[in-house]
Amino acid sequence: MTDDTRHDSTDSEPNSGHSNDGEPAGGEEYGLLVVERGDAALGRVVDGGVEPVATVDGGITGSARAGTGDPDRFERERERQTREFFREVAAAADEAFLGDDPVARLAVGGPMDAATALVDGGYLDDRLTDRLVGTFTVEHASEPGLRELLDAAAADFLNPATRRLRETLAAFFERLGEGEGVVYGDADLARAVDDGTVETALVAATVDRERREEIEAAVAAQGGETLVVPEHSARGARFAETFRVGALLSDSE
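Quick notes on the rules
Residue indices begin from 1 for each chain and proceed along its sequence in written order. With the structure being a predicted model, the display of local features is reserved for residues of pLDDT at least 70 and the display and counting of side-chain atom pairs for 80 or more, all residues being used for whole-chain, interface and lining totals. To obtain the side-chain values, all non-hydrogen atoms of the structure were included, while hydrogens and water were left out. What counts as a helix is a DSSP run of H or I of at least four residues, what counts as a strand is a run of E of at least two, and both are numbered from the N terminus. Burial classes: relative accessible area under 20% of the type maximum marks a residue as buried, over 50% as exposed, and values in between as partly exposed (1.4 Å probe, protein chains only). The contact definition used throughout considers only heavy atoms, calling two residues in contact when any of these lie within 4.5 Å. Axis definition: a line fitted to C-alpha atoms, limited for helices to the stretch in contact. Angles are taken between N-to-C directions and run from 0 to 180 degrees. An angle below 35 degrees is read as roughly parallel, one above 145 as roughly antiparallel, one from 65 to 115 as roughly perpendicular, and any other as oblique. Each crossing gets its handedness from the near helix: less than a right angle anticlockwise from the far helix is left-handed, clockwise is right-handed. The directions from the helix axis to the C-beta atoms are what the arc is built from.

Participant: Can you tell me about the environment of Gly-110, naming the residues and giving the values?
Facilitator: You can see Gly-110 is positioned in strand 5 (residues 105-110). Relative accessible area serves as the criterion here: at 0%, Gly-110 is assigned to the buried category. Sequence separation between Gly-110 and Gly-145 is 35 residues, and the spatial gap between their C-alpha atoms is 8.0 Å. When residues no more than four places from it in sequence are discounted, the contact partners of Gly-110 are Val-34, Val-35, Ala-115, Phe-136, Thr-137 and Val-138.

Pasting the structure below:
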């Protein structure tokens, strides 16, 4: 689970240049790195979503059990394995985020002790440290974890239009949980359009273009707007699979 815990890098400021489709301007790319004690996942931000690029399995030994040998020696070995694992993660980060296609910004996530140990321990290349936007609390080093990290770092990574789409999608699921102010499915959306109560319609990118355009025209005629939801984020994938179309309703509903 992602929370609001964040440690900012004091060496860098958010980059304000972006294109209109969620990609950084000028060919810039953004990197994501989630690290646990023994596992890491690396990805890039593509079209406002996550593209996994590498994983690292460090195979760090678990906690010592009573009667299994010298605890101090065991702990020293575990620390050695941890240092070696962080070096492997740093090497993977060099390969994924530097070279011919370097990232412009990097976010690091994970359990905060692991994330800060990687960053503060001097393992990362200085060029990546200089591009760090911060460290964020993320539960697991996996593709879902990369998506959680992107959600946490969205304010630094995504352009205003893409951030607004994510915020609107978050509001849809929040209202869905509250049981009011939202509709989903073709029939209920059509009724809301007829009633003139659609504030913002959401349409999955998997819906065919002709149907999307029909919805957009009908919603615009009653004073609302339509946003197309890609599947790259965790919420976007859930919306496309479960709802396909939906809407946030105006306060008059």
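Participant: Would you mind going over the packing of helix 5 (residues 160-178) against helix 8 (residues 234-242) in detail, with residue names and values included?
Facilitator: Taken N-terminus to C-terminus, the directions of helix 5 and helix 8 make an angle of 60°; their axes are 10 Å apart at the nearest point. Taken together, helix 5 and helix 8 sit at an angle that is classed as oblique. Once helix 5 is placed against helix 8, the crossing between them reads as left-handed. Residues Leu-169, Ala-170, Phe-172 and Phe-173 of helix 5 form the contact with helix 8, whose own contacting residues are Arg-235, Gly-236, Arg-238 and Phe-239.

Participant: I'd like a description of the side chain of Thr-200, backed by residues and values.
Facilitator: Looking at the element boundaries, Thr-200 is found in strand 8 (residues 198-204). With relative accessibility at 4%, the residue Thr-200 sits in the buried group. If sequence neighbours within four positions are ignored, Thr-200 has contacts with Arg-164, Thr-168, Glu-225, Leu-227, Gly-246, Ala-247 and Leu-248.

Participant: Let's hear about unusual backbone geometry: which residues, and what values?
Facilitator: Phi at Arg-244 takes a positive value of approximately 70°, unusual for a residue other than glycine. Position of Arg-244 relative to the elements: it lies in the loop between helix 8 and strand 10 (245-249).

Participant: Which residues make up the environment of Val-198, and what values go with them?
Facilitator: With respect to the helices, strands and loops of the structure, Val-198 is situated in strand 8. We classify Val-198 as buried; its relative accessible area is 3%. Each C-alpha atom, one on Val-198 and one on Gly-181, is 9.6 Å from the other, the two residues being 17 residues apart in sequence. Apart from residues lying up to four places away in sequence, Val-198 is in contact with Leu-189, Ala-192, Val-193, Val-219, Gln-222, Gly-224, Ala-247, Leu-248 and Leu-249.

Participant: Summarise helix 6 (residues 186-195); cite the residues concerned and give the values.
Facilitator: Within helix 6, the full set of buried residues consists of Leu-189, Ala-192 and Val-193. Along helix 6, the residues classed as buried sweep out an arc of 100° about the axis, all on the same side. Projecting away from the buried face of helix 6 at angles above 90 degrees are the exposed residues Asp-194 and Asp-195. On the buried face of helix 6, the contacting elements are strand 7 (182-184), strand 8, helix 7 (209-221) and strand 10. The first or second residue beyond helix 6 is Gly-196, which carries a positive phi of 75°.

Participant: Run through helix 8, naming residues and quoting values.
Facilitator: Of all the residues in helix 8, the buried ones are Gly-236, Phe-239 and Ala-240. Along the axis of helix 8, the buried positions cluster into a sector of 95°, meaning they face one direction only. Turning to helix 8, the residues buried within the fold contact helix 5, strand 8, strand 9 (225-229) and strand 10. Backbone geometry just downstream of helix 8 places Arg-244 in the positive-phi region, at approximately 70°.

On their own, these measurements won't tell you what the molecule is for.
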